[in-house]
Amino acid sequence: MDEPSHKDLFLQSLNRCTKSEDFIPAFYDRFLASSYEIRDKFRRTDFAQQNKMLLRSLRLIAGATAGDSKSLQELRERTETHNRYHLNIQPRLYDLWRSVIIKTASEFDDQWNDDVETAWNAILGHVIDHMIKYY
Ligand code: HEM
């Protein structure tokens, strides 16, 4: 049998994480707790909306590595909203974002293992490289 792709491992893990409605809020609690700079970026944010948008986006962009067209479109849109002319998310903030979301996922996914962690790193790494390249 073929090995599951990073996309499949990532999406299955994300589904296990989001069986709990607390997953995305727990991520944002930790992300906001990490610094004043992050809290300041989200000072006007409606988190009920934001939580839904992040989850939708994570599901959509998972296929970007594989070149799936809807994924690429979502990635292009997020790259544009986050670039220096819009939200101005500096490249250095993505490492923190990635480590906080992966740490949170490792606590919510009851089947977390090294392969799952590799898949999260690969999918998010690809997305983040792209966002940074077009910052
Ligand atoms: C690959 C990583 C990321 C993904 C997939 C992502 C996804 C999203 C999505 C879907 C939205 C809502 C739609 C939009 O405005 O574009 C959003 C908004 C936002 N993101 Fe990100 N994001 C990422 C990284 C970051 C990082 C590192 C920061 C750093 C602080 C950040 C800060 C924000 C802010 C401030 C908003 C606007 C919230 C508001 O409307 O008040 N994002 N993000």
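Everything below is about the structure printed above this text.
Reference entry: report on the structure contained in this document. Small disclaimer: the values here were computed from a predicted structure and weren't measured.

Once that is clear, we can look at the pattern of salt bridges. A full pass over the atoms with the stated rule returns seven salt bridges. Taking the shortest distance from any N to any O, the salt bridge between R78 and E74 comes out at 2.8 Å. Taken together, the positions of R78 and E74, both in helix α5 (residues 69-82) and four residues apart, correspond to about one turn of that helix. Look at R78 and you get partly exposed, because its relative accessible area is 22%. Given a relative accessible area of 3%, E74 falls into the buried group. Between E107 and K103 there is a salt bridge, and its shortest N-O distance comes to 2.4 Å. With E107 and K103 both in helix α6 (residues 93-108) and four residues apart, this pair spans about one turn of that helix. Its relative accessible area of 49% is what places K103 among the partly exposed residues.

Counted according to the given criterion, the structure contains eleven aromatic pairs. Note on F31 and F42: the rings are 6.2 Å apart at their centroids and 70° apart in plane angle, and the pair reads as edge-to-face. On the criterion of sequence distance, the pair formed by F31 in helix α2 (residues 23-34) and F42 in the loop between α3 (36-41) and α4 (47-61) is long-range, its members being eleven residues apart. F31 gets classed as buried once you look at its relative accessible area, which sits at 5%. Of the residues examined, F42 reaches a relative accessible area of 19% and is grouped as buried.

One broad rule of soluble globular proteins: the nonpolar side chains tend to lie buried together. With 34 residues, the main nonpolar core has L58, W97, I101, W120 and L124 as its most contacted residues. Elements represented by at least two residues in this core include exactly α1 (6-17), α2, α4, α6 and α7 (114-133).

Moving on, we come to the packing of α2 against α4. In helix packing, the relevant descriptors are the interaxial angle and the interaxial distance, both defined with respect to the helix axes. Interhelical geometry of α2 versus α4 gives an angle of 110° and a closest axis separation of 10 Å. In terms of axis orientation, α2 runs roughly perpendicular to α4. Note on element contacts: α4 touches α2 through F47, Q50, N51, L54, L55 and L58, opposite I24, P25, F27, Y28 and L32. Broken down by class, the residue content of the contact of α2 with α4 amounts to nine nonpolar, two polar and no charged.

Here we come to the site of the ligand. Residues in close proximity to the ligand total 20 residues, the closest being F42, T45, R78, T81 and H82. The side chain of T45 places a nitrogen or oxygen atom 2.5 Å from an oxygen atom of the ligand. One of the side-chain nitrogen or oxygen atoms of H82 is found 2.9 Å away from a nitrogen atom of the ligand. Looking at the shell around the ligand, the elements with two or more residues in it are α3, α4, α5, α6 and α7. Per-class residue counts for the shell around the ligand are 13 nonpolar, five polar and two charged.

Our focus in this paragraph is the environment of D129. Position of D129 relative to the elements: it lies in helix α7. Taking the C-alpha atoms as reference points, D129 and V100, separated by 29 residues in sequence, lie 17 Å from one another.

Cut-offs applied
- Residues numbered from 1 in each chain as written.
- Predicted model: local features only at pLDDT ≥ 70, side-chain atom pairs only at ≥ 80, totals over all residues.
- Heavy atoms only, no water.
- Salt bridge = Lys/Arg side-chain N within 4 Å of Asp/Glu carboxyl O.
- Helix = DSSP H or I, 4+ residues; strand = E, 2+ residues; numbered from the N terminus.
- Buried < 20%, exposed > 50% of the residue type's maximum accessible area, 1.4 Å probe, protein only.
- Phe/Tyr/Trp six-rings, centres within 6.5 Å; stacked < 30°, edge-to-face > 60°.
- Core = buried A, V, L, I, M, F, W, Y, C linked by side-chain atoms within 4.5 Å.
- Axes fitted to C-alpha atoms, helices over the stretch in contact; angles between N-to-C directions.
- Parallel < 35°, antiparallel > 145°, perpendicular 65-115°, else oblique.
- Contact = heavy atoms within 4.5 Å.
- Nonpolar A, V, L, I, M, F, W, Y, C, P; charged D, E, K, R; others polar.
- Near = heavy atom within 4 Å.
- Polar contact = N/O pair within 3.5 Å; in protein donor to acceptor, adjacent residues only side chain to side chain.

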